[in-house]
Amino acid sequence: MAKRDFYEVLGVAKDADEKALKSAYRKMAMQYHPDRNPGNAEAEASFKEVNEAYDTLKDAQKRAAYDRFGHAAFENGGFGGGGARNGDFHSTMSDIFEEFFGMGGGGRRSNGRERGADLRYNLEITLEEAFEGKTVEIEVPTSVTCEACTGSGAKPGTSPATCRTCGGAGRVRAAQGFFTLERTCPTCQGKGQVIADPCSVCGGVGRTTQERTLSVNIPSGIEDGTRIRLAGEGEAGLRGGPSGDLYIFLSIRPHEFFQREGADLYCRVPISMTTAALGGQFDVPTLEGVTSRVKVPEGTQTGKQFRLKGKGMPVMRSVQHGDMYIQVTVETPTNLTKRQRELLTEFEQGASGENHPESSGFFSRVKDFIDNLGN
Ligand SMILES: [Zn+2]
Ligand SMILES: [Zn+2]
C-alpha cells in the first residue's frame, strides 16, 4: 500500500505551524490509542501512522527534508541506491543538502567563499550493536583546509589579490546592443580573487585530502534507516567558507533469529510435535547475551505466541525495553523408523476427536456442508 502523505495523516495544511501540528497529533493519538481500541488492528496501524507523521513533522530538519523529497527522504538508500556497506562514500547528494540546509549560501559570488560539500557515509551495524549502543570509529577521507596557506590557496607569505577584471565581484557585465548581460568573470572564474603565486602544498586549491578518524556515537535502541548529521565534518570550505556536513546513513543488518518491529523483537522457533503435544521447554537467545527459558504447555499449537516482557530492544532515550515475541511452529516428524511408524499408527488408531478438536470440528463441518449440497 502506498504510504499516506504525513500532512494528510494528521489532517493539517502543509503550512501548519508547530502548535497546529501538536494539537492535531494529540487529537489523533487519543482517538487511535491502543488503550482505547483494544484488539483493533486498524486503530493500531493508524496510531503508528500518526506517530510517524508527527515524529517527522515536529522536527524542523526532517520536515524540510520531507517537504522536499517526500517519503523518499527517509527510506534507507533513498539516494544513490546500492548496497550499504562500511566506507561507501557518496558526495552526490551534497548539492541537494547544500541547497537544502543552505549554510553560507550566496557567499560564493561576493568573495569567493565556498561551502564544502556534504559527505555521506554508509554505516552498517548489527542488531546487537543497535541494542547495546556503541561508539564507532570511522575513517573519513575528506578534504581539509590546507595548513600551509590556511586555505587561501596563495603561497605562504603572499595573499590572493582582488581580481582586476571584476573588481572582486566575480561577475562582469557586458553591453550587447540594448541589453546588459552579466556573466561569471573569465579572469577569476567567479572567485573574485586571483592568486599570483599558488601555494605549493595544495596547488592553489586551498585544501588537501586527509583521512580523519571520527568517533560516532550510536545510541542504544537506534532504528534502521536513521541519519546522523555531524555538522561541519564534511568537506572543508574554500577560501574561508564553512565546512560541509557529514551524514551517517545507518542501516542494521538483518538478524539470523530476530525480526524487529519498533522496540519489539519477533523470533520464530520450530518445536517438535512431541514437545508440542506433551509440553516441555526450550531456551531462546536474547540480545542481552543470556538465554531465556520458554515453557511450552501441553497441547501447544502452531502459531502460538509467547511474550517475554522487556526482552526486546531498548527504547531510545528511555529506560524502557520492548518485548520479545516467540512464535512457535510445530514440526511434523519426517524419516520415521519402522518402530516410530508403528507407534504413530497405534496412536492414530486410538485417537478420538478429543485429541484433535480443531481438525475433527473442521471435517465434521465439511461433511455437513457436503451433505447439505445434496438436498
Ligand atoms: Zn595551500
Ligand atoms: Zn574576476
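Residues numbered from 1 in each chain as written. Chains lettered and ligands numbered in written order. Predicted model: local features only at pLDDT ≥ 70, side-chain atom pairs only at ≥ 80, totals over all residues. Heavy atoms only, no water.

## Remarks on the overall build of the chain
Per the secondary structure count, the chain includes 10 helices and 16 strands. For the chain, the accessible surface area stands at approximately 23000 Å², while carbon and sulfur atoms represent 50% of it. (Helix = DSSP H or I, 4+ residues; strand = E, 2+ residues; numbered from the N terminus. Areas by Shrake-Rupley, 256 points an atom, 1.4 Å probe, with all protein chains shown as cover.)

## A short note on the sheet that holds strand β16 (residues 324-331)
Sheet architecture is open: four strands sit in the order β11-β12-β16-β15, paired in mixed fashion. With partners counted over all chains shown, the strands left at the sheet margins are β11 (258-261) and β15 (305-308), one partner each. The mean inter-strand angle of the sheet, taken between neighbouring strand axes irrespective of direction, is 30°. In terms of strand pairing, β15 meets β16 through four bridges, oriented antiparallel. Paired with Gln305 across the strands is Gln327, a residue of β16. (Pairing = 2+ DSSP bridges. Axes fitted to C-alpha atoms, helices over the stretch in contact; angles between N-to-C directions.)

## A few points about the coordination of the zinc ion (ligand 1)
Here the zinc ion (ligand 1) is held by the protein donor atoms Cys146 (SG), Cys149 (SG), Cys199 (SG) and Cys202 (SG), which lie 2.3 to 2.4 Å from it. With four donor atoms in place around the zinc ion (ligand 1) and angles of 102 to 117° between them, the coordination shape is tetrahedral. Mapped onto the sequence, the donors of the zinc ion (ligand 1) take the spacing C-x2-C-x49-C-x2-C. With a relative accessible area of 1%, Cys146 lands in the buried category. (Donors = N, O, S within 2.8 Å, 3.2 Å for Na, K, Ca; no water. Tetrahedral: all angles 85-135°; square planar, octahedral: opposite > 155°, others 65-115°. Buried < 20%, exposed > 50% of the residue type's maximum accessible area, 1.4 Å probe, protein only.)

## Side note on the UniProt feature "binding site: Zn(2+) 1" (unreviewed entry) in the chain
Here the UniProt-annotated "binding site: Zn(2+) 1" (unreviewed entry) positions come out as Cys146, Cys149, Cys199 and Cys202. Across 57 residues of sequence, these annotated residues stay compact in space, with a maximum C-alpha separation of 9.1 Å. Residue position: Cys199 is located in the loop between β7 (193-194) and β8 (207-218). On the basis of relative accessible area, Cys199 is assigned to the buried category, the value being 1%. If sequence neighbours within four positions are ignored, Cys199 has contacts with Cys146, Ala148, Cys149, Gly153, Ala154, Lys155 and Gly204. (UniProt positions renumbered as here; feature names shortened; annotations may be inferred. Contact = heavy atoms within 4.5 Å.)

## What about the coordination of the zinc ion (ligand 2)?
Protein ligation of the zinc ion (ligand 2) involves Cys163 (SG), Cys166 (SG), Cys185 (SG) and Cys188 (SG), the donor distances falling in the range 2.2 to 2.3 Å. Seen from the zinc ion (ligand 2), its four donor atoms lie at angles of 101 to 118°, and the figure they make is tetrahedral.

## So, the packing of aromatic side chains
Summed over all chains, the structure comprises six aromatic pairs. Where Tyr7 meets Tyr66, the ring centres are 6.1 Å apart and the plane angle is 40°; that geometry is what we call tilted. With Tyr7 in helix α1 (residues 6-10) and Tyr66 in helix α4 (residues 60-69), this pair connects stretches of sequence that are 59 residues apart. This pair shows no difference in class: Tyr7 is buried, exactly as Tyr66 is. Centre to centre, the rings of Tyr25 and Tyr54 are 4.1 Å apart; their planes meet at 10°, and the pair counts as stacked. Of this pair, Tyr25 sits in helix α2 (residues 18-32) while Tyr54 sits in helix α3 (residues 41-57), and the two are 29 residues apart along the sequence. (Phe/Tyr/Trp six-rings, centres within 6.5 Å; stacked < 30°, edge-to-face > 60°.)

## Quick look at the pairing of β16
Here strand β12 (residues 264-272) runs beside β16; their pairing, made up of eight bridges, is parallel. By the bridge assignment, Arg268 is partnered in β16 with Gln327.

## Focus: the side chain of Ser292
Within the secondary structure, Ser292 is located in strand β14 (residues 291-296). Leaving out residues up to four positions away in the same chain, Ser292 has contacts with Phe282, Asp283, Val284, Thr286, Leu308 and Lys311.

## So, the packing of α2 against α3
Geometry of a packed helix pair, given as the angle between the helix axes and the separation of the axes. Where α2 contacts α3, the axes come no closer than 9 Å and their chain directions differ by 160°. It follows that α2 is roughly antiparallel to α3 by the angle criterion. Our pair here, α2 against α3, has a crossing hand that is left-handed. From α2, Leu21, Lys22, Tyr25, Met28, Ala29 and Tyr32 reach across to α3, where they touch Ala43, Ser46, Phe47, Val50, Asn51, Tyr54 and Leu57. (Parallel < 35°, antiparallel > 145°, perpendicular 65-115°, else oblique. Left-handed = near helix turned anticlockwise from the far one by under 90°.)

## Overview of the nonpolar core
Residues Leu123, Ile138, Ile218, Leu246, Ile248, Phe282 and Ile326 are the most contacted members of the largest nonpolar core, which totals 37 residues. In contact with Ile218, other than residues within four places in its own chain, are Leu123, Ile125, Gly133, Lys134, Val136, Ile228 and Leu250. The next biggest cluster of nonpolar side chains, apart from the first, holds 17 residues, and it includes Leu21, Tyr25, Met28 and Ala53. (Core = buried A, V, L, I, M, F, W, Y, C linked by side-chain atoms within 4.5 Å.)

## Quick look at the environment of Glu139
Tracing the chain through its elements places Glu139 in strand β3 (residues 134-145). Since its relative accessible area comes to 40%, Glu139 is described here as partly exposed. Placed 72 residues apart in sequence, Glu139 and Glu211 show a C-alpha to C-alpha distance of 6.2 Å. Of the polar contacts made by the side chain of Glu139, one reaches the side chain of Thr213; its length is 2.7 Å. (Polar contact = N/O pair within 3.5 Å; in protein donor to acceptor, adjacent residues only side chain to side chain.)

## As for α2
Given a rise of 1.5 Å per residue, 15 residues ought to cover 21 Å, and the 21 Å separating the end C-alpha atoms of α2 matches this to within 8%. Burial in α2 covers these residues: Leu21, Ala24, Tyr25, Met28 and Ala29. Buried residues of α2, viewed axially, fall in a sector of 130°; they line one side. Exposed positions of α2 whose direction lies more than 90 degrees from the buried face are Lys19, Arg26 and Lys27. Turning to α2, the residues buried within the fold contact α1, α3 and α4. (Expected span 1.5 Å × (residues − 1). Arc of directions from axis to C-beta.)

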